[in-house]
Amino acid sequence: MQMKKNGIKRALLLSVALATAVSLAACGKQEAEITSPSKLGGESTTAPTPAATTAATSKKTAYPLKIKDATGKEFTFDKAPERIASVSPAETEALFALGLDDKIVGVSDFDDYPEAAKSKPKLGSITKPNQEALIATNANIVFTGVSMKADTVEKLRESNINVFKVEPKTLDDAIANIETYGLITDRQEQAEKIVTKMKADRKKVVDAVKDVKQENKKKVYIEFSPGWTVGSGEFMDELIKLSGGINVAGDGKGWYQISEEKIIAQNPAVILFANGVVDTKSKMSLDEIIRTRSGWDAIEAVKNKQVIGLDQNLLSRPGPRLTDGLLEMAKGIYPELVK
């Protein structure tokens, strides 16, 4: 294989990208987590669930609130947390979207959106954050996402760090997580507005492609870092399906390293890639890598110039902007249908 995993820049963390280029080095650094699928940890796919006694339909949260995270641990909140930390870009985006700026006491080193996140105290990696820095925040709750493995969560909890983990595998999971954050922080009205917008985005895409017959659906290949794609059971795969495409890597499961020959044989009509990703060894962009692979010039997508870059953050962060990524993806696959 032309590009190996060790060709991908490792910088401890991923924020999987600045939305627009800041610098090639920064972009490479910020996509490190998602480029390393082995870091996308967590065995549980259970969405956080409030206790049955919680009046989740109320616009005001009733405390005490009992709620479980994706690891199955039950948390009890006597009131809305006053000090909140996040070591996951998607979770940080959600918390800011809920209007919790003044409650956020720390974020991961590569949380870059919104702009206000850049000035928050930095807490290290999203896979293994700085334990001392976390303790120093005196946070009531620390939110973490798909990149932190369950054993790391447990080690942090042993140090009395109150870690709440989510493990979104679908768009509905991402939506449910935002609702959960709204419930925990007594920002349910704000959460409802975000979720309503996300559902409207999804409906727009689904409605636009609903008349595409199965036999006419375009075959799609997606590469989010050199040599890595995504199969079934992850939200990126679901986004392709919602967009009316067929994921040519969908017979595999999770995040995995590609077979270049297999992609040639599958002959996708559209190739999607994460903008801004640069291989630090070859200094080539992901776009260049894809276009110059041996034999890939015979692929329909390459021949027809249907190799399309998508914003890294929108593509890879299962937060409030995930449906912005869905819209971008659907426009790339069916520009004549999705406006």
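All values derive from a computational prediction rather than experimental measurement.

Cut-offs applied
Residues numbered from 1 in each chain as written. Predicted model: local features only at pLDDT ≥ 70, side-chain atom pairs only at ≥ 80, totals over all residues. Heavy atoms only, no water. Buried < 20%, exposed > 50% of the residue type's maximum accessible area, 1.4 Å probe, protein only. Helix = DSSP H or I, 4+ residues; strand = E, 2+ residues; numbered from the N terminus. Arc of directions from axis to C-beta. Contact = heavy atoms within 4.5 Å. Axes fitted to C-alpha atoms, helices over the stretch in contact; angles between N-to-C directions. Parallel < 35°, antiparallel > 145°, perpendicular 65-115°, else oblique. Left-handed = near helix turned anticlockwise from the far one by under 90°. Nonpolar A, V, L, I, M, F, W, Y, C, P; charged D, E, K, R; others polar. Salt bridge = Lys/Arg side-chain N within 4 Å of Asp/Glu carboxyl O. Pairing = 2+ DSSP bridges. Phe/Tyr/Trp six-rings, centres within 6.5 Å; stacked < 30°, edge-to-face > 60°. Lys NZ or Arg CZ within 6 Å of the ring centre and 35° of its normal. Polar contact = N/O pair within 3.5 Å; in protein donor to acceptor, adjacent residues only side chain to side chain.

Asker: Teacher, can you tell me more about helix 5 (residues 150-158) here?
Answerer: One full turn of an α-helix is made of 3.6 residues, so residues set three or four places apart face in the same direction. Taken residue by residue, helix 5 has T152, V153, L156 and R157 as its buried positions. Buried residues of helix 5 fall within an arc of 140° about the axis and therefore sit on the same side. Exposed and oriented more than 90 degrees from the buried face of helix 5 are K155 and E158. Looking at the buried side of helix 5, the elements it contacts are strand 3 (74-77), helix 4 (131-137), strand 6 (141-144) and strand 7 (163-165). With its phi angle positive at about 65°, N160 sits one or two positions after the end of helix 5.

Asker: Just checking my understanding: could you explain the packing of helix 6 (residues 171-184) against helix 7 (residues 188-209) for this structure?
Answerer: Geometry of a packed helix pair, given as the angle between the helix axes and the separation of the axes. For the pair helix 6 and helix 7, interaxial distance at closest approach is 8 Å and the crossing angle is 165°. In terms of their interaxial angle, helix 6 and helix 7 are classed as roughly antiparallel. As helix 6 runs across helix 7, the sense of the crossing is right-handed. Of the residues in helix 7, those touching helix 6 at L171, D172, I175, I178, E179, G182 and L183 are Q188, A191, I194, V195, M198, K199 and R202. Per-class residue counts for the contact of helix 6 with helix 7 are eight nonpolar, two polar and four charged.

Asker: Just checking my understanding: could you explain the pattern of salt bridges for this structure?
Answerer: Applying the stated criterion to the full structure yields 23 salt bridges. A salt bridge links K103 to E82; the nearest nitrogen and oxygen atoms lie 2.9 Å apart. With a gap of 21 residues between them, K103 in the loop between helix 3 (89-97) and strand 5 (104-107) and E82 in the loop between strand 3 and strand 4 (84-86) connect regions that are remote in the sequence. The exposure class of K103 is buried, given its relative accessible area of 17%. Under the relative-accessibility criterion, E82 is labelled partly exposed at 42%. The closest approach of N and O atoms between K169 and E234, which form a salt bridge, is 3.0 Å. Placement of the pair is K169 in the loop between strand 7 and helix 6 and E234 in the loop between strand 9 (228-230) and helix 8 (235-242), with a sequence separation of 65 residues. As far as the burial class goes, K169 and E234 line up, both buried. Several salt bridges converge on common partners, so that one network encompasses E93, D112, R317 and R321.

Asker: Any chance you could explain the pairing of strand 6 here in plain terms?
Answerer: For a regular strand, side-chain orientation follows a simple rule: the groups alternate between the two sheet faces. Because side chains alternate across strand 6, one face comprises the buried residues I141 and F143, and the other comprises V142 and T144, equally buried. Here strand 4 runs beside strand 6; their pairing, made up of three bridges, is parallel. Bridge assignment links S86 to a residue of strand 6, and that residue is F143. Two strands pair when backbone bridges link them, and strand 6 and strand 7 are joined in this way by three bridges, in the parallel orientation. Opposite F143, over in strand 7, you have F164 as the bridge partner.

Asker: Which parts of the structure should I look at to understand the packing of helix 8 against helix 13 (residues 322-333)?
Answerer: Two elements in contact, helix 8 and helix 13, have axes separated by 9 Å at closest approach and are oriented at 45°. Here helix 8 lies oblique to helix 13, going by the angle between them. Helix-helix and strand crossings are classified by hand; for helix 8 and helix 13 the assignment is right-handed. Contact with helix 8, carried on its side by F235, M236, L239, I240 and L242, involves L322, L326 and M329 of helix 13 and no other residues of that element.

Asker: Sorry, what's going on with the packing of aromatic side chains here?
Answerer: Any pair of aromatic rings gets described here by the distance separating the centres and the angle formed by the planes. All chains considered together, the criterion is met by seven aromatic pairs. Plain terms: the ring middles of F143 and Y181 are 4.8 Å apart, the flat faces sit at 65° to each other, and that makes the pair edge-to-face. Remark: Y181 occurs in helix 6 and F143 occurs in strand 6; sequence separation between them is 38 residues. Assigned by exposure class, F143 and Y181 land together as buried. Pairing Y221 with W296 gives two aromatic rings, centres 5.8 Å apart and planes at 80°, and the pair type is edge-to-face. Of the two residues, Y221 sits in strand 8 (residues 219-223) while W296 sits in the loop between helix 10 (286-292) and helix 11 (300-303), which places them 75 residues apart along the sequence. For the residue pair Y221 and W296, the accessibility class agrees, reading buried in each case. Taken together through their ring pairs, the aromatic side chains of F75, F77, F143, F164 and Y181 make up a single cluster. Here the guanidinium or amino end of K73 rests over the ring plane of F75, the centre of that ring lying 5.4 Å away. Against the face of W296 rests R293, its NZ or CZ located 4.6 Å from the ring centre.

Asker: Help me understand the side chain of D112 in this model?
Answerer: Here D112 shows up in the loop between strand 5 and helix 4. Here the side chain of D112 touches R317 through a polar contact of 3.1 Å, side chain to side chain.

Asker: What am I meant to see in the sheet that holds strand 10 (residues 246-247) here?
Answerer: Note on sheets: strands pair through backbone hydrogen bonds, and any given pair is parallel or antiparallel. Read from one edge to the other, the open sheet built from four strands follows the order 10-8-12-13, with strand pairing classed as parallel. At either end of the open sheet lies a strand with only one pairing partner, and these are strand 10 and strand 13 (307-310). Two strands pair when backbone bridges link them, and strand 8 and strand 12 (residues 270-274) are joined in this way by four bridges, in the parallel orientation. Each bridged residue has a counterpart across the sheet, and for I222 the counterpart in strand 12 is L272.

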